[in-house]
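Inside the fold
This is what each chain is made of:
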Amino acid sequence: MKRIFVGNLPSEATEETVQALFSEYGKVRSIQLVSDIFSGKCRGFGFIGMEGHEARAAIAGLDGNLYCGKPLKVKFEDTTAGKNGRRH
């Protein structure tokens, strides 16, 4: 299973709406949206788990596409960043 980073989500995004968006490209195995601790609204990004070929199709189909008026940023999760956010 591959983890996909999805960014530039609107604050109104929910796990259900994002899952529906990605389900067009295959089975969503897991979804984790990062929410504001006080408001409970989406902070604009999250992670999706999908099988490899489905994940590649979702990235190709969604990256740069408008979602609620905002261009999505969809790519494989960057696992090379360290704890301080610097790349190795």
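Whatever comes next refers back to the structure up there.
Residues numbered from 1 in each chain as written. Predicted model: local features only at pLDDT ≥ 70, side-chain atom pairs only at ≥ 80, totals over all residues. Heavy atoms only, no water.

**What to know about helix 2 (residues 52–62)**
As a reminder, the rule being used: Burial classes follow relative accessibility: with a 1.4 Å probe on protein chains only, a residue under 20% of its type's maximum area counts as buried, one over 50% as exposed, and anything between as partly exposed. Secondary structure counts use DSSP, requiring at least four H or I residues in a row for a helix and at least two E residues in a row for a strand, with both numbered from the N terminus. Any two residues whose heavy atoms approach within 4.5 Å at even a single point are treated as in contact.
Every buried residue of helix 2 is listed here: Gly52, Glu54, Ala55, Ala58, Ile59, Gly61 and Leu62. Contact partners of the buried residues in helix 2: strand 1 (2–7), helix 1 (15–23), strand 3 (42–50) and strand 6 (73–76). Looking at the residues trailing helix 2, positive phi occurs at Gly64, about 90°.

**Focus on the nonpolar core**
Rule in force here: Nonpolar cores are built from buried Ala, Val, Leu, Ile, Met, Phe, Trp, Tyr and Cys residues. Side-chain atoms within 4.5 Å join them into one set.
Counting 20 residues, the largest nonpolar core has Ile4, Leu9, Val18, Phe22, Ile48, Leu72 and Val74 as its most contacted members. Where this core is concerned, the elements lending two or more residues are strand 1, helix 1, strand 2 (30–35), strand 3 and helix 2. Broken down by element, this core gets its largest block of residues, 4 residues, from helix 2. Leaving out residues up to four positions away in the same chain, Phe22 has contacts with Ile4, Val6, Val28, Ile48, Met50, Ala58, Leu62 and Val74.

**Observations concerning the pattern of salt bridges**
Applicable threshold: The salt bridge definition used is simple: a Lys or Arg side-chain nitrogen within 4 Å of an Asp or Glu carboxyl oxygen.
Per the counting criterion, the structure on display carries 2 salt bridges. Arg3 is the salt-bridge partner of Glu77, the closest N and O atoms lying 2.8 Å from each other. Highlighted residues: Glu77 in the segment after strand 6 and Arg3 in strand 1, separated in sequence by 74 residues. The partly exposed category is assigned to Glu77, whose relative accessible area is 27%. Residues Glu51 and Arg29 are paired through a salt bridge, measuring 3.5 Å at the closest nitrogen-oxygen approach. With a gap of 22 residues between them, Glu51 in the loop between strand 3 and helix 2 and Arg29 in the loop between helix 1 and strand 2 connect regions that are remote in the sequence. Residue Glu51 is classed as partly exposed on the basis of its relative accessible area of 29%.

**Remarks on the pairing of strand 3**
Walk down a regular strand and you will see the side chains alternate between the two sheet faces. Stated formally: What makes two strands pair is DSSP finding at least two bridges between them.
Of all 9 residues in strand 3, 7 are buried; the element is thus mostly enclosed. Looking at chain direction, strand 1 and strand 3 are connected through 6 bridges and run antiparallel. Paired with Arg3 across the bridge in strand 3 is Gly49. Both strand 2 and strand 3 contribute to a ladder of 5 bridges, which runs antiparallel. Bridged to Ser30 within strand 3 is Gly49. Adjacent in sequence and paired antiparallel, strand 2 and strand 3 are bridged by 6 residues, among which Gly40 carries a positive phi angle near 80°.

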